[in-house]
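Residue-level listing of the chains:
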Amino acid sequence: LESELEDIRGAGTWKSERVIASPQGPHLRLAGDGAGIINFCANNYLGLSSHPEVIRAAVEALEKFGAGLSSVRFICGTQSIHKDLEEKIARFHQREDAILYASCFDANAGIFEALLTPEDAVLSDELNHASIIDGIRLCKANKYRYKHMDMQDLEAKLKEAQKHRLRLVATDGAFSMDGDIAPLREICQLAQKYDALVFIDECHATGFLGPNGRGTDELLGVMDKVTIINSTLGKALGGAAGGYTTGPKPLIDLLRQRSRPYLFSNSLPPAVVGCASKALDLLMESNAIAQSMAAKTQRFRSKMMAAGFTISGKDHPICPVMLGDARLASVMAEDMLDRGIYVIGFSYPVVPKGKARIRVQISAVHSDEDIDRCVQAFTEVGRKHGAL
Ligand code: PLP
């Protein structure tokens, strides 16, 4: 093990944990030196992780329903709040039903094996999230991998997959490394033409993409064409934990019978259910929070581009500052932290070789001043290292 660990260090891919001594939010205090930093690397897109009403809802659920269930759902682990949250999720996405999991990783681990048989086919974007890839590995369906967002390649693979009983196209709605959005209109057209179902993972879209924050399917006008949505409660929807599948009722009924992470893992704790339920209430009341996040994203993207940086993706709060060189991304991220701005550099193998970047994530609770300080720090650090 020691030599394996040494190899990881030697390859420069060692991941360490930075310890935080304050709640999640735009301003953090690090443990130890107590330094205050502005955080630009959480998936806390709507700033609900430490929203006072979300915290209060968690405390109330904890007091009323206890710390946890000590049971899986179908034995003695279902409380009224679990059923209420499932109903609320289905209503939010305008789907027939929903099923909760301990995480979206679990939702992705459970769906493909439960739904697909060796007679079926799954067609997956090559850059899909690791949990989709792992979920697909667990199923016995025939596997096709199409080039990232390449509709010609998807069509070729769909033609090839006509020999199977059922076809499922699986894609992230928004891809977390590039902030790019799957061409769902085209995917749904192809799915219709070749008689396939469409599955999307909406972890980086639920709560803020589309006019009412319903996600990528709403943004692209295909809510009635996407059959299955998996998403997380651990990012924009309060950030505590949990995931879900929402879609047609018979599918959800089947998952309750067959999905292994649902059948063999503990129920979501009441406090976590309380957080997500309140987050959904806030978002269904108004999309002012999502609009504020979109305005801040716009401010960051336009100021960075005016400063001379290349920002990948379009309009998404994931704003990858493209640098190319892995070392440059790493030293610039370190220098940013010295200036009180917390951002993370990504390089190969997490992203393709030569496409190293610093990923900045904007939140509704960043102030305009936070954003401007971040742009200022990037400009100084970029000049220092010859990136501008
Ligand atoms: N899918 C995508 C696209 C993600 O980014 C993540 C989290 O990183 C997951 C699934 C897993 O979600 P969870 O944290 O709820 O397990």
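For the structure itself, look to the data block above.
Procedures and definitions
Residues numbered from 1 in each chain as written. Predicted model: local features only at pLDDT ≥ 70, side-chain atom pairs only at ≥ 80, totals over all residues. Heavy atoms only, no water. Helix = DSSP H or I, 4+ residues; strand = E, 2+ residues; numbered from the N terminus. Rg over C-alpha atoms; globule rule 2.2 N^0.38 Å. Buried < 20%, exposed > 50% of the residue type's maximum accessible area, 1.4 Å probe, protein only. Near = heavy atom within 4 Å. Polar contact = N/O pair within 3.5 Å; in protein donor to acceptor, adjacent residues only side chain to side chain. Areas by Shrake-Rupley, 256 points an atom, 1.4 Å probe, with all protein chains shown as cover. Phe/Tyr/Trp six-rings, centres within 6.5 Å; stacked < 30°, edge-to-face > 60°. Lys NZ or Arg CZ within 6 Å of the ring centre and 35° of its normal. Patch = residues over 30% accessible without salt bridge, like charges linked within 9 Å, V, L, I, M, F, W, Y side chains within 5 Å. Salt bridge = Lys/Arg side-chain N within 4 Å of Asp/Glu carboxyl O. Pairing = 2+ DSSP bridges. Contact = heavy atoms within 4.5 Å.

## Looking at the overall build of the chain
In step 1: Of the regular secondary structure elements, the chain holds 15 helices and 14 strands.
In step 2: Taken over the C-alpha trace, the chain has a radius of gyration of 21 Å; the compact-globule value for 388 residues is 21 Å, and the two agree within 12%.
In step 3: Its C-alpha atoms put the chain at 60 × 55 × 50 Å along the principal axes.
In step 4: Within the span of the chain, comprising 388 residues, buried residues form 52% of the whole.

## Quick look at the site of the ligand
In step 1: The environment of the ligand is made up of 13 residues, and the closest members are Cys104, Asp201, His204, Thr232 and Lys235.
In step 2: Residue Cys104 places a main-chain N or O atom 2.8 Å away from an oxygen atom belonging to the ligand.
In step 3: The contact in question runs from a nitrogen atom of the ligand to an N or O atom on the side chain of Asp201, over 2.7 Å.
In step 4: Summarising the interface, the protein chains cover 80% of the accessible area of the ligand, which totals 400 Å² for the free molecule.

## Thoughts on the packing of aromatic side chains
In step 1: Counted according to the given criterion, the structure contains five aromatic pairs.
In step 2: When the ring of Tyr101 is compared with that of Tyr262, the centres are 6.3 Å apart and the planes differ by 75°; the resulting orientation is edge-to-face. Here Tyr262 lies in helix α11 (residues 260-263) and Tyr101 lies in strand β3 (residues 97-101), a separation of 161 residues in the sequence.
In step 3: Grouping aromatic residues by their ring pairs yields a cluster made of Phe300, Phe309 and Phe378.
In step 4: Positioned above the aromatic ring of Trp14 is the side chain of Arg9, whose terminal nitrogen or guanidinium carbon lies 4.3 Å from the ring centre.
In step 5: Across the ring face of Tyr348, the terminal group of Lys353 is positioned such that the distance to the ring centre comes to 4.4 Å.

## Points about a nonpolar patch on the surface
In step 1: On the surface, Leu5, Ile8 and Trp14 cluster together into a nonpolar patch covering about 240 Å² of accessible area.
In step 2: Its location among the elements puts Leu5 in helix α1 (residues 2-10).

## Describing the sheet that holds strand β2 (residues 36-39)
In step 1: Pairing within the open sheet is mixed, and its three strands lie in the order β1-β2-β12. Pairing within the sheet leaves two strands with one partner each, and these edge strands are β1 (27-29) and β12 (341-342).
In step 2: Inspection of the sheet shows β1 paired to β2 by three bridges, in the antiparallel sense. By the bridge assignment, His27 is partnered in β2 with Ile38.

## Concerning the pairing of strand β11 (residues 318-324)
In step 1: In terms of residue burial, β11 counts as a mostly covered element, since five of its seven residues are buried.
In step 2: As defined by bridge partners, strand β10 (residues 310-311) adjoins β11 across two bridges and the pair is classed as antiparallel. Residue pairing across strands places Ile311 opposite Val321, the latter belonging to β11.
In step 3: In textbook terms, the turn of a hairpin is the stretch between consecutive antiparallel strands, and for β10 and β11 this stretch comprises six residues, one of which, Gly313, has a positive phi near 75°.
In step 4: In terms of strand pairing, β11 meets strand β14 (residues 356-361) through six bridges, oriented antiparallel. In the strand pairing of β14, Val321 is matched with Ile358.

## Here we look at the side chain of His204
In step 1: If you trace the backbone, His204 turns up in the loop between β7 (196-201) and α9 (216-219).
In step 2: Accessibility expressed as a relative area gives 8% for His204, which makes it buried.
In step 3: At a separation of 2.7 Å, a polar atom in the side chain of His204 contacts the side chain of Tyr45.
In step 4: Those residues in contact with His204 that sit more than four places away from it in its chain are Asn43, Tyr45, Ala174, Ser176, Leu209, Lys235, His316 and Ile318.

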